[in-house]
Amino acid sequence: AAPKKNDKDWTRACIGALSAIDTKKASRIHRHLQEIGLSPSLANAHVLKDKDLPETRTGLKVLWARRLAHIIKDQAMKIGADTYTKDWEALAHVDLTRALRVIGCRNRERVRAFLLDLGMTDDFENVSLLEPEDVEEAETGLRPLEARALVSSLRECAKHNSAR
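Residues numbered from 1 in each chain as written. Predicted model: local features only at pLDDT ≥ 70, side-chain atom pairs only at ≥ 80, totals over all residues. Heavy atoms only, no water.

Participant: Looking at this structure, how should I read the side chain of Ser39?
Facilitator: If you trace the backbone, Ser39 turns up in the loop between helix H2 (23–36) and helix H3 (55–58). For Ser39, a relative accessible area of 18% gives the class buried. Not counting residues up to four positions away in its chain, the partners in contact with Ser39 are Thr11 and Asn44. (Helix = DSSP H or I, 4+ residues; strand = E, 2+ residues; numbered from the N terminus. Buried < 20%, exposed > 50% of the residue type's maximum accessible area, 1.4 Å probe, protein only. Contact = heavy atoms within 4.5 Å.)

Participant: How should I be thinking about the environment of Lys8 in this particular structure?
Facilitator: As for its placement among the helices and strands, Lys8 is situated in the segment before helix H1 (10–16). Setting aside residues no more than four positions away along its own chain, Lys8 makes contact with Ala13, Pro40 and Ser41.

Participant: Help me out: how do you make sense of the pattern of salt bridges in this one?
Facilitator: Pairing between side chains of opposite charge can happen when their charged atoms approach one another. The full count for this structure, using the stated rule, is nine salt bridges. A salt bridge links Arg57 to Glu35, with the shortest nitrogen-to-oxygen separation between them at 2.3 Å. One end of the pair, Arg57, is in helix H3; the other, Glu35, is in helix H2, and 22 residues separate them in sequence. Accessibility expressed as a relative area gives 38% for Glu35, which makes it partly exposed. Linking Arg148 and Asp52 is a salt bridge whose minimum nitrogen-to-oxygen distance equals 2.9 Å. Taken together, the positions of Arg148 in helix H8 (residues 144–162) and Asp52 in the loop between H2 and H3 put the pair 96 residues apart, joining distant regions of the chain. There is no split in this pair, since Arg148 and Asp52 are both buried. (Salt bridge = Lys/Arg side-chain N within 4 Å of Asp/Glu carboxyl O.)

Participant: So what exactly am I meant to see when it comes to unusual backbone geometry here?
Facilitator: Among all residues save glycine, negative phi is the norm, and among peptide bonds the norm is trans. For Leu42, which is not glycine, the phi dihedral falls at a positive 70°. Along the polypeptide, Leu42 turns up in the loop between H2 and H3. You can call Leu42 buried: its relative accessible area is 0%. Even without being glycine, Asn107 reaches a positive phi, approximately 60°. If you trace the backbone, Asn107 turns up in the loop between helix H5 (96–103) and helix H6 (108–118).

Participant: Teacher, can you tell me more about the packing of H5 against H6 here?
Facilitator: A pair of packed helices can be characterised by two numbers: the angle between their axes and the separation between those axes. One way to put it is that H5 packs onto H6 with a least axis distance of 10 Å and a crossing angle of 140°. With respect to H6, the axis of H5 lies oblique. Of the two elements, H5 crosses H6, and the hand of that crossing is right-handed. Contacts from Leu96, Thr97, Leu100 and Arg101 in H5 reach Arg108, Val111, Arg112, Leu115 and Leu116 in H6. Residue classes in the contact of H5 with H6 are distributed as five nonpolar, one polar and three charged. (Axes fitted to C-alpha atoms, helices over the stretch in contact; angles between N-to-C directions. Parallel < 35°, antiparallel > 145°, perpendicular 65-115°, else oblique. Left-handed = near helix turned anticlockwise from the far one by under 90°. Nonpolar A, V, L, I, M, F, W, Y, C, P; charged D, E, K, R; others polar.)

Keep in mind that these numbers describe shape and distance, not what the molecule does.
In C-alpha cells form, the structure reads like this:
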C-alpha cells in the first residue's frame, strides 16, 4: 500500500522552515518535541503552545518559539493532521472506551482504568473537572501534548453526548 501523507515526520520539515536554525539546534528542538509528545504526523499539533518550546530546552528565543509553533500548527491544518478533533455529532452516543478508541489514544486500557480510578464516569459527567496534568506520564504513559489533546477531545465528546 502507498504510504499516507501523514506517515512523514512533519516536525523536521517544520523546523527546517526556520532559516535561523542550524542542524545541531534543529536536532535539539526535534528531540524536545518528541519528548513532550508531539506526534510526527502533527495529529496533536492543535494543542501546541509556544510555551512548550522553552529556550532552556530548545535554544529558541521567545519569538522564534512562537514562530515555530505557528508553522507547526499551520502545517497540521494544511495536511488535515488533527486526529483528535472528531465529528462527535456524527457518532452515536459515545462511552469512554469508544471515545478513547475513536481518538486513537495510546495506552488505551491503561488510560481508561486510570480515568475510572480518578472518578471519571463512562458518560463523561465530570470531564470538565479533568485537567491534562491528571493524565500525564506517571500513571498513563501519556506525554504532555498527548494528555492535553486527550482532555480537550474528551471534553468535546462530552458536550455532544450531553446535547443528545
